[in-house]
Amino acid sequence: MKKLTISFYLGLSLFVALILFVYATRFFYDTSLVAIGSKMPYLPPSSNELLGSDSFGRDMLASILIGTPLTFQVGILGGSIGLFIGATLGLISGYFGGKIDTFIRIISDSLVTIPSIAILLVAALNIENLTRLSLAVIVAGLSWMYPARTIRAQVLSLKNKDFIKICRANGQGEVDILFRDVMPNLMPYLASTYVLSVFTTMIATVGLESLGLGVEGDYSLGTILYWSQRKAAVVTGTWWWYAPPILMLTLIFLALLLMSIGLDKVARPSDSAKV
Amino acid sequence: MSDFSLSLNEVSKTYRSRSGKAKSEVKALLPISLEISGHTPKVIAVAGESGSGKTTLASLLLGFQPPTSGTVDFNGVPLTALSKEQRNDFRRTVQPVLQDPFSSYNQFYKIDHVLEMPLKNYGLAKNSDESSLLIRNALSEVGLIPEQTLGRYPSQLSGGQRQRIMLARLLLCKPRLIVADEPVSMIDSSYRAIILSMLLKLKTEYKINILYITHDVATAYQISDKLIVLYKGRVVEVGDTKSIVERPKHPYTESLISSIPVPDRIRSWDKESAVIQHGLLNETGCEYTDHCQHAIPQCKNDVPSLRRFENNHLVACRLYENSPAAQPSDLAKTV
Amino acid sequence: MSTDAVVQVSNVSVEYETKASNILAVNEVSFELAHGQKLGIVGESGSGKSTLGTAICGLTRFPARITSGSVQIGGKNLLEMSSSERRLTMLRDVAYIPQAAMNSLNPSMRIRDQFLDALARGTKKKARAGFEDLIESRLLRVGLDLSLLNRHPHELSGGQKQRIVIAIATILSPKIIVADEPTSALDVIIQRQVLQSLSEVQKVNNAAVILIGHDIGLLAQFVDTLAIMYAGKIVELGSLETLLTSPQHPYTKKLIASVPTILKRETLIGIPGLPPSLNDLPIGCSFQPRCTEQIDKCAISRPELVKITNRHVACWLHDSENTFEGTLINVRKDKNV
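What counts, and where the lines are drawn
- Residues numbered from 1 in each chain as written.
- Chains lettered and ligands numbered in written order.
- Predicted model: local features only at pLDDT ≥ 70, side-chain atom pairs only at ≥ 80, totals over all residues.
- Helix = DSSP H or I, 4+ residues; strand = E, 2+ residues; numbered from the N terminus.
- Rg over C-alpha atoms; globule rule 2.2 N^0.38 Å.
- Buried ≥ 20, exposed ≤ 12 C-beta atoms within 10 Å, placed from the backbone.
- Contact = placed C-beta atoms within 7 Å.
- Nonpolar A, V, L, I, M, F, W, Y, C, P; charged D, E, K, R; others polar.
- Pairing = 2+ DSSP bridges.
- Axes fitted to C-alpha atoms, helices over the stretch in contact; angles between N-to-C directions.
- Expected span 1.5 Å × (residues − 1).
- Parallel < 35°, antiparallel > 145°, perpendicular 65-115°, else oblique.
- Left-handed = near helix turned anticlockwise from the far one by under 90°.
- Arc of directions from axis to C-beta.
- pLDDT = per-residue confidence, 0-100.

Caption draft 1: Region of interest: the overall build of chain C. Counting its regular elements, chain C contains nine helices and twelve strands. In terms of overall size, chain C behaves like a compact globule, its C-alpha atoms giving a radius of gyration of 20 Å where 337 residues would be expected to give roughly 20 Å. Expressed as lengths along the three principal axes of its C-alpha atoms, the size of chain C is roughly 65 × 50 × 45 Å. Classification of the 337 residues of chain C by burial places 50% in the buried group. Counting only contacts in chain C whose residues sit at least 6 apart along the sequence, the fraction spanning at least 24 positions is 66%.

This is how it looks when you write it as structure tokens:
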């Protein structure tokens, strides 16, 4: 594989650092403090409560430690589902063309035009017991179009390449060619689309959560923001309620963005060949 | 080694595209009949410039695209109607050598991959040891050293080496017809001789027919027995290579031959200047009219039909309208 | 430097920096060109000919680096100029037409605008008026129709694009034109048209031309002087006629023999073996492993380019008493050198 750029490594380090922070700190900090009433409410940050507490008496540091993985989980799950659906549809659509391609494209193009927030709201409001999985599926359902489009474009450009003709001359069947020869060349695109997919999913998830439509009982980052708004944290000056989740989210998105930029360069190597 | 035949029956190819509101139609290849069979292996050269239809001819013969009219038959069966087994047989029997030694490879794999695949898919080796041996022998046959070639990625080898590996691949497949589309035009001229002499060897030693497509008549002269000259999709001259090159009949063939650069001051380009004219393509007339030194007004309106000379030498030019007309079957048999 | 030389290349060496080591792509190349002289630099891929071409025009970019030598144009060393001075010299005096130049045309600009763009950069004038005549004359000079000015590159054929690139590069009538494989990927008839266009452009102010390629047959149609390059060095240098009729270097002989002709059918002759990898050159003469005429000395020490009766050659077979000391090598167009 070609050299990955510095952005990618920067983003990856940041992402890994965040994960490590969140999972390793559990050993040093009591995360049960996320329960309501563990501390006195509205305590500002101090040596006892590093990030203070919110109106429910939840310890903010504990909340971050518990909430971040929840956001990660939904984001990564949703991103994976979105990529899987999108890439498969893109692969089929691009390679086989014809009616099936037209069909998939019509669906994809129409979904893209609908404001996703509207659908997400409708879906989230109507589901009784929203679980992390169903949330991930809903969000994935609206983010598969971009991977599908990108993968399709790549497959279209690959399928007429000379080496595919040589594959046929070597006796390979169409499906064999698809998996053995087309897929490997899609890896860089799959990687960068994946990161973008996770990114989009997380934003959508946090968006829903901050409207109070997240998973019941999960004090995830978006939900923290929701409650901080509900309880007018800005007005009451409880900055330690909304600042930590915002910082965390910013760092996560920054990491994902850097990785995506870094991978994007790999996905588009220059074709120069002269010495 | 059973015999085979690949034939074009009044095959033509037209590309239609719609850019914006305008529909455009390009007649890449006008109806042509050709019969290539395995009786005596030959090298048939197809010469022409870009836009002549030579690449289209190659891709039709290889089954890469369907013809707009007519059928391409393999052993009497149209390509579009082949059974799975017949299709497999066809793929193995009619093999390509492509122009670009870079894009012919999947950069993801080492070059070994392109040599292992046909042995595996066509069941040509019983086990991996035999496969290894066959591959090493094939590489040596084409003048490459297996140790210095195997295990490398395409980008680690030169264009000439990559093209030779493609020839080694052909040795492994044991086809009956090789369709070589400009196999040396992207290779340094000092290397071309090696590749071309290998192709010639494939004919003489391995009894394989070769269809050699090129824009360079000089190389066609060196290795081919029969020559087909294409101009804007039409066959303008066809017959024995030697007689055509030494005594070309069609004005376009003459021009093609005089454009061959020879490092010899006797035959330099200075003598004639290339005719540079840009006119509208005639719908009904001879396509070469605008560039032709022998053109008369009648040429713009009447498409000349193929006329026959001795030895199945056919020419399509009004200069020879007094010679007997040729039938489509004459063209088919000419090669 | 002789007074009638328009460009003088002295001991130019170019290195490529790689992780492993530095590769010497061009090894102390020297030659001089007079006005109107047409030099062909012939070599296989990897011989360093393109690298030399860019170095002569002061266009060497990382990871390539010029490690020694000078390129004198009009009495000043191009390689030592400030970047702005060099850019101006480049635009006015030296035209460089890179390989696959036709692909460098801006796909979204009309041809006329691309000419204007080049003029704006070269003359620092923004006014379009007054340039129309110049542009038209240049286009006609390369044998193209004026209607092409309104078109976009994708509407034109390869040959037409290449001729336009030649016209644009030479719009200010430079003294030196360097073209790297201007006809690769073009059909034989179009190759002729493109070289004819180049010829027309050269005639205008008797520019010196350096034509770089791998096809000696093709180059021979155009140039009057030939330099044969192998593994970064010039191995034979002389007038076209001399080299074609009596090549001395074994590599030159093989190159000439490898051109397929239609004069008679004969066995195709190639050059067995491969050019050496530049970071692993053989001890002694670089061509020795592939040479069928070698003597013992060839494997031990590398011959330098020396002047013999009517040309320069770097080969132990021709190590005569006429060794020419010094670095200046001037090859004139006329037969008696």
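Caption draft 2: Up close: the overall build of chain B. Across its full length, chain B carries eleven helices and twelve strands. For 335 residues, the compact-globule formula gives about 20 Å, and the C-alpha radius of gyration of chain B, at 21 Å, lands near that figure. With 335 residues in all, chain B has 48% of them scored as buried. In chain B, the proportion of contacts linking residues at least 24 apart, taken out of those at least 6 apart, comes to 63%.

Caption draft 3: Spatial organisation of the interface of chain B and chain A. Listed per partner, the contact involves 19 residues of chain B and 14 residues of chain A. Of all the secondary-structure elements, those providing two or more residues to the side of chain B that touches chain A are α2 (84–93), β6 (94–97) and α3 (112–121) of chain B. Of the residues forming the side of chain B that touches chain A, the biggest block, four residues, is contributed by α3 of chain B. Considered class by class, the residues forming the side of chain B that touches chain A number ten nonpolar, six polar and three charged.

Caption draft 4: Geometry of the interface of chain C and chain B. Each side of the interface is counted separately: chain C has 33 residues, and chain B has 34 residues. Within the residue set of the side of chain C that touches chain B, elements represented by two or more residues are α6 (188–204), α7 (216–219), α8 (240–245) and α9 (250–257) of chain C. When residues of the side of chain C that touches chain B are assigned to their parent elements, the largest contribution, six residues, is made by α6 of chain C. Looking at the side of chain C that touches chain B residue by residue, the class counts come to 16 nonpolar, ten polar and seven charged.

Caption draft 5: How the structure looks around the pairing of strand β10 (residues 233–239) of chain C. Residues and elements named next belong to chain C. Within β10, seven of the seven residues are buried, leaving the element largely enclosed by the surrounding structure. What sits between strand β9 (residues 225–230) and β10 in their antiparallel hairpin is a turn of two residues, with A231 showing a positive phi close to 50°. Pairing of β10 with strand β12 (residues 311–313), which is carried by two bridges, proceeds in the antiparallel orientation. Looking across to β12, one finds that L237 is bridged to H312.

Caption draft 6: View of unusual backbone geometry. With an omega dihedral of 5°, the bond running from F62 of chain C to P63 of chain C counts as a cis peptide bond. Looking at the secondary structure, you find P63 of chain C in the loop between α1 (49–56) and β4 (64–73). At N75 of chain B, a residue that is not glycine, the phi angle is positive and equals roughly 50°. N75 of chain B gets classed as partly exposed once you count the C-beta atoms within 10 Å, which come to 16. A positive phi angle, close to 50°, is found at E28 of chain C, a residue other than glycine. With respect to the helices and strands, E28 of chain C occurs in strand β2 (residues 22–34). Classification of E28 of chain C as partly exposed rests on a count of 18 C-beta atoms within 10 Å.

Caption draft 7: Quick look at the environment of C286 of chain B. All names here are of chain B. With respect to the element layout, C286 can be found in the loop between α10 (251–258) and β11 (307–309). Under the C-beta neighbour-count criterion, C286 is labelled buried, with 25 such atoms within 10 Å. Not counting residues up to four positions away in its chain, the partners in contact with C286 are C299, V303 and P304.

Caption draft 8: Region of interest: the sheet that holds β9 of chain C. Residues and elements named next belong to chain C. Across the sheet, eight strands lie side by side as β6-β7-β8-β3-β9-β10-β12-β11; this open sheet has mixed pairing. Across the chains shown, the open sheet's two edge strands, defined by having one partner strand only, are β6 (94–97) and β11 (306–308). The sheet shows a mean angle of 20° between the axes of neighbouring strands, taken without regard to direction.

Caption draft 9: Quick peek at the sheet that holds β2 of chain C. Residues and elements named next belong to chain C. One open sheet holds the four strands; their spatial order is β2-β1-β4-β5, and the pairing between them is antiparallel. Edge strands, defined here as strands with exactly one partner in the open sheet, are β2 and β5 (76–77). Where strand β1 (residues 5–17) lies against β4, eight bridges are found, and the strand directions are antiparallel. Its bridge partner lying in β4, Q8 is registered against Q72. In the packing of α1 onto the sheet, the strands contacted are β1, β2 and β4, and the crossing angle to β2 comes to about 60°.

Caption draft 10: Main features of the environment of P188 of chain A. Residues and elements named next belong to chain A. Looking at the secondary structure, you find P188 in helix α8 (residues 174–210). Looking at P188, the number of C-beta atoms within 10 Å reads 20, which means it is buried. Taking the C-alpha atoms as reference points, P188 and F199, separated by eleven residues in sequence, lie 17 Å from one another.

Caption draft 11: Summary view of helix α3 (residues 98–113) of chain A. Helix length check: α3 of chain A, at 16 residues, gives a terminal C-alpha distance of 23 Å against a target of 22 Å (1.5 Å per residue), a fit within 8%. The element α3 of chain A is largely exposed, with a buried count of zero among its 16 residues.

Caption draft 12: Quick look at the pairing of β1 of chain C. All names here are of chain C. Summarising the sheet, β1 and β2 pair through nine bridges and their orientation is antiparallel. Looking across to β2, one finds that E17 is bridged to N22. Between β1 and β2, which pair antiparallel and follow one another directly, the connecting turn spans four residues.

Caption draft 13: How the structure looks around the packing of α3 of chain A against helix α6 (residues 145–159) of chain A. Residues and elements named next belong to chain A. Where α3 meets α6, the closest approach of the two axes is 10 Å, and the angle between their N-to-C directions is 135°. Classified by the interaxial angle, the pair formed by α3 and α6 is oblique. In the crossing of α3 with α6, the sense of the turn from one axis to the other is left-handed. Seen from α3, the contacting residues are S108, L111 and V112; seen from α6, they are M145, A148 and R149. Classifying every residue of the contact of α3 with α6 by side-chain character gives four nonpolar, one polar and one charged.

Caption draft 14: Representation of helix α3 (residues 111–123) of chain C within the structure. Residues and elements named next belong to chain C. For α3, spanning 13 residues, the distance from its first C-alpha to its last is 18 Å, which sits close to the expected 18 Å at 1.5 Å a residue. Within the sequence span of α3, burial applies to I111, Q114, F115 and L119. One face of α3 carries all of its buried residues, which in axial projection span an arc of 135°. Residues of α3 that are buried sit in contact with α4 (131–141) and α5 (158–169).

Caption draft 15: Broad picture of the environment of D73 of chain B. All names here are of chain B. Considering the arrangement of structural elements, one finds D73 in strand β4 (residues 69–74). Placed 68 residues apart in sequence, D73 and S5 show a C-alpha to C-alpha distance of 7.9 Å. Sequence-distant contacts of D73, that is, excluding residues within four places in its chain, are made with S7, N9 and P78.

Caption draft 16: View of the confidence of the model for chain B. On average, chain B scores 86 in pLDDT, and the residues at 70 or more come to 91%. Below pLDDT 50 for its whole length, residues 270–280 of chain B participates in 15 contacts with residues either more than four positions away or in separate chains.

Caption draft 17: Geometry of the confidence of the model for chain C. Of the residues in chain C, 91% have a pLDDT of 70 or more, and the chain-wide mean is 83. Across the predicted assembly, pTM comes out at 0.79 and ipTM at 0.88.

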